[in-house]
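# Structure at a glance
Now for the letters of each chain:
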Amino acid sequence: MIFTEQLLRAQHQHQSLLCVGLDPEPSKFPGAWQGKPERIYDFCAAIVDATKDLVCAFKPQIAYFAAHRAEDQLERLMAHMRRVAPSVPVILDAKRGDIGATAEQYAHEAFTRYQADAVTLSPFMGFDTMEPFLRFPGKGVILLCRTSNPGGSDLQNLRLADIAGQPRVYEHIAAQAQGPWNTNGQMGLVVGATFPEEIARVRELAPTLPLLIPGVGAQGGDAAATVKAGLKTDASGAVTGTIVVNSSRAVLYAHSASSGEDFASAARRVALQTRDALNAAR
């Protein structure tokens, strides 16, 4: 199944546009687990179990595992997600981008070692860096387009004088991903929730691509503005261009030492609130 189809099916099944990002920071773990990287799998698996019926995707960020030599725990977590939530696609947030044989190895890492359903990539070095990932049938390739960090404007918002109409860099990426780069219908785009006007512009240029939108929650992105700008439907209300709205820290670390609430229960509570807020904005 193509990633977009898998994603739409999960969204319908769980009535959700929410993706929970898995960014484990042992220093923020609860109770006796605090500061213990060997508990990364246990923490993330508990979050998955608590939210698996509320989400349309999970997004583990590989750096949070690699920094603690926890790649084996990520492999276990990927297997756990496939076992307990087989209908929920998993996006490996790796932001890879390199040429030739190196790109082939990164693609093997994402889709063979970790068995991800999609991976985030940087398009800076051009289309040939994406091709090895596109050789994996049905797998999603989600390109950085207009990111939510303040420094994103340093390059992404510049105009390209050599292209007719002088589009901004992020506009050119969106148009290429909707058109000639998307050879097998596998592409999506990353657009930050902190720029709703630019989400709308990307949606105009890429009307059918799934948009992965980080920045709702701890980064302050507005759920209603994000849905209005990014979700595209036809006259019957059917989704023709979907969004995947990611929340990481707000869900993972919803627990408070003073509240007495179990961390997984707290994560479920915030995930449910976020899912419902996104649905209310539809």
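## With respect to the pattern of salt bridges
- Enumeration over the complete set of coordinates arrives at twelve salt bridges.
- For arginine 39, the salt bridge is made with aspartate 42, and the minimal N-O distance between the two is 3.0 Å.
- The exposure class of arginine 39 is partly exposed, given its relative accessible area of 31%.
- Taking the relative accessible area as the measure of exposure, aspartate 42 reaches 25% and is therefore partly exposed.
- Between glutamate 171 and arginine 201 there is a salt bridge, and its shortest N-O distance comes to 2.8 Å. With a gap of 30 residues between them, glutamate 171 in helix H8 (residues 169-178) and arginine 201 in helix H9 (residues 196-205) connect regions that are remote in the sequence.
- With a relative accessible area of 11%, glutamate 171 lands in the buried category.
- Bridged by salt links that share partners, the residues Lys59, Asp93 and Lys95 form one connected network.

## Re the packing of aromatic side chains
- Tallying each qualifying case throughout the model produces seven aromatic pairs.
- Where phenylalanine 29 meets phenylalanine 43, the ring centres are 4.4 Å apart and the plane angle is 20 degrees; that geometry is what we call stacked. Remark: phenylalanine 43 occurs in helix H2 (residues 40-51) and phenylalanine 29 occurs in the loop between strand E1 (18-22) and H2; sequence separation between them is 14 residues.
- For phenylalanine 29, a relative accessible area of 2% corresponds to the buried category.
- Ring geometry for phenylalanine 43 versus tyrosine 253: centroids 5.8 Å apart, planes at 10 degrees, classification stacked. Of the two residues, phenylalanine 43 sits in helix H2 while tyrosine 253 sits in the loop between helix H11 (249-252) and helix H12 (263-280), which places them 210 residues apart along the sequence. Pair check on accessibility: phenylalanine 43 and tyrosine 253 agree, each one buried.

## Some words on the packing of H8 against H9
- Remark: H8 packs on H9, axes separated minimally by 8 Å, with the N-to-C direction vectors making an angle of 35 degrees. Pair H8 / H9 crosses with right-handed handedness. From H8, Tyr170, Glu171, Ala174, Ala175 and Gln178 reach across to H9, where they touch Glu198, Arg201, Val202 and Leu205.
- Considering only residue class, the contact of H8 with H9 consists of five nonpolar, one polar and three charged.

## Topic: the packing of H9 against helix H10 (residues 223-230)
- Close contact between H9 and H10 brings their axes to 8 Å; oriented N to C, the two are set at 20 degrees. In this view, H9 runs roughly parallel relative to H10, as classed from their interaxial angle. Seen from above, H9 lies across H10 with right-handed handedness. Each of Pro196, Ile199, Ala200 and Arg203 in H9 lies in contact with H10, whose residues at this interface are Ala225, Thr226, Ala229 and Gly230.
- Classifying every residue of the contact of H9 with H10 gives five nonpolar, two polar and one charged.

## Digging into the sheet that holds strand E6 (residues 187-191)
- Pairing within the open sheet is parallel, and its eight strands lie in the order E2-E1-E10-E7-E6-E5-E4-E3. What marks the edges here is a single partner per strand, and that holds for strand E2 (57-60) and strand E3 (91-96). With direction set aside, neighbouring strand axes in the sheet form an average angle of 30 degrees.
- Its contacts with the sheet put helix H4 (residues 71-84) on E1, E2 and E3, and the angle it makes with E2 is roughly 175 degrees.

Rules behind the numbers
Residues numbered from 1 in each chain as written. Predicted model: local features only at pLDDT ≥ 70, side-chain atom pairs only at ≥ 80, totals over all residues. Heavy atoms only, no water. Salt bridge = Lys/Arg side-chain N within 4 Å of Asp/Glu carboxyl O. Buried < 20%, exposed > 50% of the residue type's maximum accessible area, 1.4 Å probe, protein only. Helix = DSSP H or I, 4+ residues; strand = E, 2+ residues; numbered from the N terminus. Phe/Tyr/Trp six-rings, centres within 6.5 Å; stacked < 30°, edge-to-face > 60°. Axes fitted to C-alpha atoms, helices over the stretch in contact; angles between N-to-C directions. Left-handed = near helix turned anticlockwise from the far one by under 90°. Contact = heavy atoms within 4.5 Å. Nonpolar A, V, L, I, M, F, W, Y, C, P; charged D, E, K, R; others polar. Parallel < 35°, antiparallel > 145°, perpendicular 65-115°, else oblique. Pairing = 2+ DSSP bridges.

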